[in-house]
Amino acid sequence: MKFSVRNDTICHYLQDMAKHDEYWAYRFVAKHGRAFGPKQPLPKGVRRGPMQYCYSSAWNLTRVRKELVYVEGFARAILGVGKDGYADDHIDAHAWVVNANGEVIDPTWPHGIEYFGIPFKREYVDKMMPRLKVQG
């Protein structure tokens, strides 16, 4: 069985969606975001958070690991391999953290392979998260 990933990247996806969709986040992240990676394993002692709770899981991780930076954007995951031999991939809005080298630590999505987003200052995230009551 061959395993290859389609030639699309998140950046191309966001640029295409920005042309055809009214959702402002596509345009904003495509314009102001950047690629992050590679993905690193979870730090020792950190358990993976529940699926669909990426925003709160990433924020909580930055609260206990002060050296990490909160990032929001879009991530791509490989969910399996289709009958055509290509990866069955999925791109979705997502949150994760990065270390000082820009390497991704994803506390919720074990299958993430590509990350494109905007880092946020700790003070801003700490101020906004309780107001927004964001979990997933």
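The structure displayed is predicted, hence computed values, not measured ones.

(A) Quick look at the pairing of strand S5 (residues 112–119). Taken across its eight residues, S5 has six buried, putting it largely inside the fold. Bridge count between strand S1 (residues 34–36) and S5: three bridges; the pairing is antiparallel. From the neighbouring strand, Arg34 faces S5, where its bridge partner is Gly117.

(B) Examining the pattern of salt bridges more closely. One pass over the structure, following the stated rule, counts two salt bridges. Ionic pairing is found between Arg76 and Glu114, a salt bridge with its closest N-O pair at 3.1 Å. With Arg76 in strand S2 (residues 69–81) and Glu114 in strand S5, the pair connects residues that are 38 residues apart, well separated along the chain. With a relative accessible area of 3%, Arg76 lands in the buried category. By sharing partners, the salt bridges in this structure join Arg76, Asp89 and Glu114 into a single network.

(C) Highlighting the packing of aromatic side chains. With the rule as written, the count across this model stands at six aromatic pairs. A centroid spacing of 6.1 Å and a plane angle of 70° characterise the contact between Tyr13 and Tyr26, whose relative ring orientation is edge-to-face. Residue Tyr13 is found in helix H1 (residues 10–20), and its partner Tyr26 is found in helix H2 (residues 24–32); the two are separated by 13 residues along the sequence. You can call Tyr26 buried: its relative accessible area is 12%. Between Tyr26 and Phe74 the ring centres are 5.2 Å apart and the planes differ by 20°, which places this aromatic pair in the stacked class. In this pair, Tyr26 is assigned in helix H2 and Phe74 in strand S2, connecting sequence segments 48 residues apart. With relative accessibility at 4%, the residue Phe74 sits in the buried group. A connected cluster of aromatic rings, assembled from ring pairs, spans Tyr13, Tyr26 and Phe74. A cation over a ring is seen here: Arg63 above Trp59, with NZ or CZ 4.2 Å from the ring centre.

Calculation rules
Residues numbered from 1 in each chain as written. Predicted model: local features only at pLDDT ≥ 70, side-chain atom pairs only at ≥ 80, totals over all residues. Heavy atoms only, no water. Buried < 20%, exposed > 50% of the residue type's maximum accessible area, 1.4 Å probe, protein only. Helix = DSSP H or I, 4+ residues; strand = E, 2+ residues; numbered from the N terminus. Pairing = 2+ DSSP bridges. Salt bridge = Lys/Arg side-chain N within 4 Å of Asp/Glu carboxyl O. Phe/Tyr/Trp six-rings, centres within 6.5 Å; stacked < 30°, edge-to-face > 60°. Lys NZ or Arg CZ within 6 Å of the ring centre and 35° of its normal.

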